[in-house]
Amino acid sequence: MHVALYQPEIPPNTGNIIRLCANTGARLHLIHPLGFNTDDRSLSRAGLDYHAQAVIAHHTDWDAFCAWRDTLPAHQLWAFTTKATRRHDDADVGPDDILLFGPESRGLPQDLLDALPADQRLRLAMRPGSRSLNLSNTVAVAVYQAWGRLIG
């Protein structure tokens, strides 16, 4: 499975996601521009020594990511947003699918979401009135839910 972070902003979140991907075998895609330098100490500290075990690809922008995505065989792009009506645990994520997450401060851009069918937009369940979860927590919940289904 693939995890794609669209313009992530907070180094420790990305470091935690690197560690998560290393431990689950998910491939991480960082879609630039990033809100930090990749040699940021807090990124390294959060990812500890997992950078070497994680498969990380950098994409210069959304268009470059989409060009890479077009090379994949059958796959689905699942965009995570608090604006979705479909819950993440209702999606049948496949082994080559991509879980896409937006930046911490603003989420995925509306035009990007509008370009996807509504059933490819997913949300995590939260109590009414809650705004959002931390990005690395959201990715962890989504990855483990999908991974659990894939490995049985």
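Residues numbered from 1 in each chain as written. Predicted model: local features only at pLDDT ≥ 70, side-chain atom pairs only at ≥ 80, totals over all residues. Heavy atoms only, no water.

Tallying secondary structure elements over the protein chain gives five helices and seven strands in all. For the protein chain, whose C-alpha radius of gyration is 14 Å, the value lies close to the compact-globule estimate of 15 Å for 152 residues. With respect to the principal axes defined by its C-alpha atoms, the protein chain has extents near 40 × 35 × 35 Å. Buried positions account for 45% of the 152 residues belonging to the protein chain. Put simply, 77% of the contacts in the protein chain that link residues at least 6 apart link residues at least 24 apart. Carbon and sulfur atoms provide 49% of the accessible area of the protein chain, an area that totals close to 7,800 Å². (Helix = DSSP H or I, 4+ residues; strand = E, 2+ residues; numbered from the N terminus. Rg over C-alpha atoms; globule rule 2.2 N^0.38 Å. Buried < 20%, exposed > 50% of the residue type's maximum accessible area, 1.4 Å probe, protein only. Contact = heavy atoms within 4.5 Å. Areas by Shrake-Rupley, 256 points an atom, 1.4 Å probe, with all protein chains shown as cover.)

The next subject is the state of the cysteines. For the structure on display, the rule yields zero disulfides. No disulfide involves C21; its sulfur sits 19 Å from that of C66, the nearest cysteine. Judged by its relative accessible area of 19%, C66 falls in the buried class. (Disulfide = S-S within 2.5 Å.)

Our focus in this paragraph is the pattern of salt bridges. Throughout the structure, instances matching the rule amount to three salt bridges. Ionic pairing is found between D89 and R87, a salt bridge with its closest N-O pair at 2.6 Å. (Salt bridge = Lys/Arg side-chain N within 4 Å of Asp/Glu carboxyl O.)

What follows is about the sheet that holds strand β4 (residues 77-80). Read from one edge to the other, the open sheet built from seven strands follows the order β3-β2-β1-β6-β4-β7-β5, with strand pairing classed as parallel. Whereas interior strands pair on both sides, the edge strands pair on one side only; in this sheet they are β3 (56-59) and β5 (86-87). Pairing geometry for strand β1 (residues 2-6) and strand β6 (residues 98-101), over four bridges, is parallel. By the bridge assignment, H2 is partnered in β6 with I98. Packed onto the sheet, helix α5 (residues 135-151) meets β1, β4 and β6 and runs at close to 160° relative to β6. (Pairing = 2+ DSSP bridges. Axes fitted to C-alpha atoms, helices over the stretch in contact; angles between N-to-C directions.)

Our next topic: the pairing of β1. β1 sits mainly inside the fold: five of its five residues count as buried. Of the two faces of β1, the one carrying H2, A4 and Y6 and the one carrying V3 and L5 are both buried. Sheet topology note: the β1/strand β2 (residues 27-31) ladder contains five bridges and is parallel. If you follow L5 over to β2, its bridge partner there is L30. Between the parallel elements β1 and β2, the chain passes through helix α1 (residues 11-24) in a crossover that is right-handed. (Right-handed = clockwise from strand over helix to strand, strands pointing away.)

To continue, consider the packing of aromatic side chains. Under the criterion given, the structure shown has five aromatic pairs. Here the aromatic rings of F65 and W68 are separated by 5.5 Å at their centres, their planes lie at 35°, and the arrangement is tilted. Separated by three residues within a single helix, F65 and W68 lie in helix α3 (residues 62-69), roughly one turn from each other. A relative accessible area of 0% means that F65 is categorised as buried. Each member of the aromatic cluster is reached from another via a ring pair, and the members are Y6, W62, F65 and W68. (Phe/Tyr/Trp six-rings, centres within 6.5 Å; stacked < 30°, edge-to-face > 60°.)

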